[in-house]
Amino acid sequence: MKTREDATPGRTGQTSAPRRWRRFAVVLLASAALAGCQSVFDQAYTPNVSPSDSPQIVDEVQKNDPRAQMGAREHPRIVASYGGEYRDAKTERLVARIAGALTAVSENPTQSFRITILNSPAINAFALPGGYLYVTRGLLALANDASEVAAVLSHEMGHVTANHGIERQRREEAEVIASRVVAEVLSSDIAGKQALARGKLRLAAFSRQQELQADVIGVRMLGEAGYDPYAAARFLDSMAAYARYSAVDPDSDQSLDFLSSHPNSAQRVDLARRHARNFGQEGVGDKGRDYFLAGIDGLLYGDSPQEGYVRGQTFLHGGLGIRFDVPPDFRIDNKVEAVLATGPGETAIRFDGVAAGDTSSLPNYLTSGWVAGLQPETVRETTVNGLPAATARASAERWDFDVTVIKVNDQIFRFLTAVPKGSPALDTTAQILRNSFRRMTQPEIASLKPLRVRVVSVGPQDTMASLSSRMMGTDRKLDLFKLINAIPVGATLSPGQKVKIISE
């Protein structure tokens, strides 16, 4: 969760406020009802030339390319919609090594590529015109070797070298019109920014025929670069397994994931395997597993420190120095715009924060117009664990709401609890939230660590059950362990085998 920088009362407008809260409740509750050769860069060499006085950098190569200019224009929006760039020298070197091997066998040797690792747990990769390539850290965490990442990148490079962006550009005018409407309607709401970002991402979607063509180009590049050409089919299977895993998670938001813009099908997997056979039977090529695992050991997994952490039934944010609990049978989902939680009986919670500005009276802030259906006679000034606070009730259609605001330094934190009209769960749920909200101590903040991918060796006594028990951040430990290690049904582990777990 990221806090908004503006807490101006009524900024969303008197008329838009009821739609905003109502939409939150309906969408959130509906979701509970629910993806042998070494790399050419392994060869040692001794440079025998001096550095150029006027090196050819990417900017120079691309400066007269209108497609590169289009990619450059959209690049900041794409990066922003995925939480910024992920900066880690070891991981960046890994991706650069893979991309370098592929560039050497590209269909267009004059094409330069800019590759960005996005700081997002979503599993995605895509390309923009002009050679802008993107891969999320979530995708790197799912992959199991370098050839699988190479399969994804070569597919995206295939879109670029085949000029698939030309057809996509024809759709931009219609998308711009839609974006203007979104900007006008939701200009001050983060939902508007996300809608704009998703509009830009739709420009990254290609036709079915273009996807198949990029698959063919990608498999050829894999084989010619010395990678395992069967990696494309293998990773398509892994992403399908991820989609199935996510489908049973009602809080999962797959709208920014790979399979939302790259439809999977048996045809694509079969096509990838058939083209891989041009390079021989399965087992040919380099998987690059060891150097890949070394490159992602310690990779950030799940929530980033800037957005806080979910640990079981608790949300903690070290940067903001606050924490709270939800009831035992609730599920928490930490989204960019807010922390959302769902529970039994169609109960839902939204938590966010805004800058306090010059707000001096929390009761006045509650009645300033940002909550529609507020019942003024229910406004109460109070304290929550020594912090100034205020509470009130609101009502809209078939929902009852408890609204609680708490001031911590220059921030106002807001709880909205929604239940069906007349539900007795409103009082108990809101009370649990209020009683558990507090400032974190300095030792608590210091001990709070993000989840990361850790590569471990299987010991003589280790089993899937014992290793998966070390997983953190999920209550489906064995399922996630099998997923991120692509362990098929009936498989066993061998001593010395390297596997990934998720821990601090």
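This text goes with the structure placed above it.
A quick note: this is a predicted structure, and the numbers were derived from the prediction, not measured.

Asks: Any chance you could explain the overall build of the protein chain here in plain terms?
Replies: On a plain count of helices and strands, the protein chain comes out with 19 helices and 16 strands. A total of 504 residues make up the protein chain; the buried ones form 53% of that total. If you sum the accessible surface of the protein chain, you get close to 22,800 Å²; carbon and sulfur atoms cover 52% of it.

Asks: What should I look at first to understand the pattern of salt bridges in this one?
Replies: Where charged atoms of side chains with opposite charge meet at close range, the side chains can pair. For the structure on display, the rule yields 20 salt bridges. In this structure, the salt-bridge partner of glutamate 74 is arginine 77, at a minimum N-O distance of 3.1 Å. Linking glutamate 74 with arginine 77, this pair stays in helix H3 (residues 66-81), spanning three residues, or about one helical turn. A relative accessible area of 4% places glutamate 74 in the buried class. Residue class for arginine 77 comes out partly exposed when judged on its relative accessible area of 42%. In this structure, aspartate 402 engages arginine 434 in a salt bridge whose closest nitrogen and oxygen atoms are separated by 3.1 Å. Residue aspartate 402 is found in strand S12 (residues 399-408), and its partner arginine 434 is found in helix H16 (residues 425-436); the two are separated by 32 residues along the sequence.

Asks: Got a minute to help me understand helix H14 (residues 289-296) in this structure?
Replies: Restricting attention to buried positions, one finds in H14 the residues Tyr291, Phe292, Leu293, Gly295 and Ile296. In this fold, the buried residues of H14 make contact with helix H4 (89-103), helix H5 (137-142), helix H6 (146-161), strand S15 (452-457) and strand S16 (498-503). Positive phi appears at glycine 298, one or two residues downstream of H14, with a value of about 95°.

Asks: Teacher, can you tell me more about unusual backbone geometry here?
Replies: Across residues other than glycine, the phi torsion is negative in most instances, and most of the peptide bonds are trans. The phi angle at glutamate 346 is positive, at roughly 60°, despite the residue not being glycine. Note on placement: glutamate 346 falls in the loop between strand S8 (339-343) and strand S9 (347-355). A residue is classified by how much of its surface remains accessible, and glutamate 346, at 37% relative accessible area, is partly exposed. Of note in this structure, asparagine 385 is not a glycine but carries a positive phi near 50°. Inspection of the secondary structure puts asparagine 385 in the loop between strand S10 (374-384) and strand S11 (387-396).

Asks: Explain empty space enclosed by the protein here, please?
Replies: To find leftover empty space, a probe the size of one water molecule is rolled over the atoms. By volume, the largest cavity is sized at about 150 Å³. In terms of lining, the largest cavity is formed by 17 residues, of which the most central are Ala151, His155, Asp215, Ala232 and Leu236. At the level of secondary structure, the elements contributing two or more residues to the lining of the largest cavity comprise H6, helix H10 (208-224), helix H11 (231-247) and helix H13 (266-276).

How each quantity is defined
Residues numbered from 1 in each chain as written. Predicted model: local features only at pLDDT ≥ 70, side-chain atom pairs only at ≥ 80, totals over all residues. Heavy atoms only, no water. Helix = DSSP H or I, 4+ residues; strand = E, 2+ residues; numbered from the N terminus. Buried < 20%, exposed > 50% of the residue type's maximum accessible area, 1.4 Å probe, protein only. Areas by Shrake-Rupley, 256 points an atom, 1.4 Å probe, with all protein chains shown as cover. Salt bridge = Lys/Arg side-chain N within 4 Å of Asp/Glu carboxyl O. Contact = heavy atoms within 4.5 Å. 1 Å grid on protein atoms, 1.4 Å probe; cavity = no way out; pocket = protein on both sides within 12 Å on 5 of 7 lines; lining within 4 Å. Points joined across faces, edges and corners; volume = space filled by probe spheres on them.

In short, geometric facts, not functional conclusions.
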